[in-house]
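Close look at the chain arrangement
Below, each chain spelled out in residue letters.
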Amino acid sequence: MTLIRSVSGVRGTTGVEITEELVARYARAFASMVGGRVALGCDGRRGGGPLVAAASDGLMRGGALVLDAGVVPTPTVGIAVRERELDGGVVITASHNPETQNGMKFFSSRGVFLDRAEARDLFAVADGAPPDASNGPRETRLLADAVRDHIGLILSCRHVDVERVRKWAPTVVVDCVNGAGSVALPLLLEELGCEVVRLSCEAGAGFPREPEPVPANLGGLGEAVVREAADLGFACDPDADRLAVVDEKGRPI
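Here's what I pulled together on the structure shown here. (Residues numbered from 1 in each chain as written. Predicted model: local features only at pLDDT ≥ 70, side-chain atom pairs only at ≥ 80, totals over all residues. Heavy atoms only, no water.)

**Let's talk about the overall build of the protein chain**
- Within the protein chain one finds eight helices and eleven strands.
- In summary, the protein chain has a C-alpha radius of gyration of 19 Å against a globular reference of 18 Å for 253 residues, a match within 12%.
- Across its three principal axes, the protein chain shows a C-alpha extent of roughly 60 × 40 × 30 Å.
- For the protein chain, the proportion of its 253 residues judged to be buried stands at 51%.
- Look at the contacts in the protein chain between residues 6 or more apart in sequence, and 72% of them connect residues 24 or more apart. (Helix = DSSP H or I, 4+ residues; strand = E, 2+ residues; numbered from the N terminus. Rg over C-alpha atoms; globule rule 2.2 N^0.38 Å. Buried < 20%, exposed > 50% of the residue type's maximum accessible area, 1.4 Å probe, protein only. Contact = heavy atoms within 4.5 Å.)

Right, here's the structure in full:
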C-alpha cells in the first residue's frame, strides 16, 4: 500500500511506508508548528515501541516538551490536551487497521484532530525540511493519570446515569483486542459497578482477531457473553475510539 494521509493523520505498512525515519520527521514537523507541550500516546500494537521512541525524539528535536501517556485510548490523548491546555497531541496507531500497519494521529491544541488546512500545512512541512531544534532542551515527562481523568469526566457527564447503572450492576464481557482499551474500558465499567469479564485485555500481546469491531469479527465475544451468562458485551478497536455492542444472546447490535 502507499502512505495514506488525511485529517486522521498518516498510516501505512510498518517498516515500508511507516518507518522510524518517517515518524520522527512528521513528529518534528508537528512540534515545529505547535511548540510547547505535546502529549504522546500509542495503541500498544506489537512493533510500535521503536516508532513511539522515534516520535518522542522527533518531537523533542522539533522543540516540544514530550508528555508520555503510554498505552492509552486515542480519545484520552485528545481529552488530556484539552483539559490540561497542552499545545498538541500525537498517537502512534493505525486505528482499526491490521497489526502489520501503524501510523500517527495528530491533535491540535483544541483537543481534536487537525482540520483540513492544518493537516495540509503539516504535510507540507514534513515533505520539506522540518526545523531542527536539537540544540535546545530535550525533555520527556510522564503524563500521569490521563485515563483516570478521562473516566472522571465520563462519570460526571450529565448524560451518564451512574446510579442507575450501579443499581443494575450488569455483567459485561469486554474484548479490547489487546489494544489501548485493555485497562481503560474495564476500569470505567468497574467504576460504574459492572462485573467485568476480560477477553483479550493484555495490551501488547497481539491481536487475536481482526481488529475492526464489525459483526464478522465478534464471534468470540458473542460466544463468551453466552458462556458467561453476561448481560452484554463490548468490543473496541486497537486504539479504542470505536465501540461495538453485543446483546445477551451474543448477537452484535
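Right, picking up where we left off after that structure.
**Some details on helix H1 (residues 20-34)**
- In this model, H1 (15 residues) spans 21 Å end to end at C-alpha, consistent with the 21 Å of a helix rising 1.5 Å per residue.
- Directly beyond the C-terminal end of H1, a positive phi value near 60° is found at Gly-35. (Expected span 1.5 Å × (residues − 1).)

**A closer look at the sheet that holds strand S10 (residues 232-236)**
- Judged by pairing direction, the sheet is mixed, and its four strands sit side by side in the order S9-S8-S10-S11 without closing on themselves. Of all strands in the sheet, those with a lone pairing partner are strand S9 (195-199) and strand S11 (243-246), marking the two edges. Along the sheet, successive strands turn relative to each other by an average axial angle of 25°, direction set aside.
- In the sheet, strand S8 (residues 171-175) pairs with S10 via four bridges, with the strands oriented parallel. Of the residues in S10, the one forming a bridge with Val-173 is Gly-233.
- The strands touched by helix H7 (residues 181-191) are S8, S9, S10 and S11; relative to S9, the strand with the most contacts, the crossing angle is about 165°. (Pairing = 2+ DSSP bridges. Axes fitted to C-alpha atoms, helices over the stretch in contact; angles between N-to-C directions.)

**Observations concerning the sheet that holds strand S7 (residues 140-142)**
- Overall, mixed pairing links the seven strands, which are arranged S1-S2-S6-S5-S3-S4-S7 in an open sheet. Single-partner strands in this sheet number two, and they are strand S1 (4-6) and S7. Going from strand to strand, the sheet's axes swing by 20° on average, the running direction of each strand aside.
- Summarising the sheet, strand S2 (residues 9-13) and strand S6 (residues 101-107) pair through four bridges and their orientation is antiparallel. Directly across from Arg-11, in S6, lies its bridge partner Gly-103.
- Relative to the sheet, helix H2 (residues 49-61) contacts strand S3 (37-42), strand S4 (65-71), strand S5 (88-92), S6 and S7, its axis offset from that of S3 by approximately 170°.
- Against the sheet, helix H3 (residues 74-83) contacts S3, S5 and S6, and its axis sits at roughly 165° relative to S5.

**Points about the pattern of salt bridges**
- In total, this model carries 17 salt bridges according to the counting rule given.
- Put simply, Arg-5 and Asp-127 hold a salt bridge, and the shortest N to O gap is 3.0 Å. Of this pair, Arg-5 sits in strand S1 while Asp-127 sits in helix H4 (residues 116-127); the two residues are 122 residues apart in sequence, bridging distant segments of the chain.
- Note that Asp-241 is salt-bridged to Lys-105, the shortest N-O span being 3.0 Å. Pair noted here: Asp-241 is in the loop between S10 and S11 and Lys-105 is in strand S6, with a separation of 136 residues, a long-range link. (Salt bridge = Lys/Arg side-chain N within 4 Å of Asp/Glu carboxyl O.)

**A look at the environment of Gly-222**
- Here Gly-222 is to be found in helix H8 (residues 219-227).
- A relative accessible area of 5% means that Gly-222 is categorised as buried.
- Between the C-alpha atom of Gly-222 and that of Gly-233, which follows or precedes it by eleven residues, the distance is 7.2 Å.
- If near-sequence neighbours (up to four positions away) are discounted, Gly-222 is found in contact with Val-246 and Gly-250.

**Some details on the pairing of S2**
- Burial analysis of S2 places four of its five residues in the buried class, which makes it a mostly covered element.
- Here S1 runs beside S2; their pairing, made up of three bridges, is antiparallel. Bridge pairing links Arg-5 to Val-10 in S2.
- In this structure, the hairpin formed by S1 and S2 is closed by a connection of two residues.

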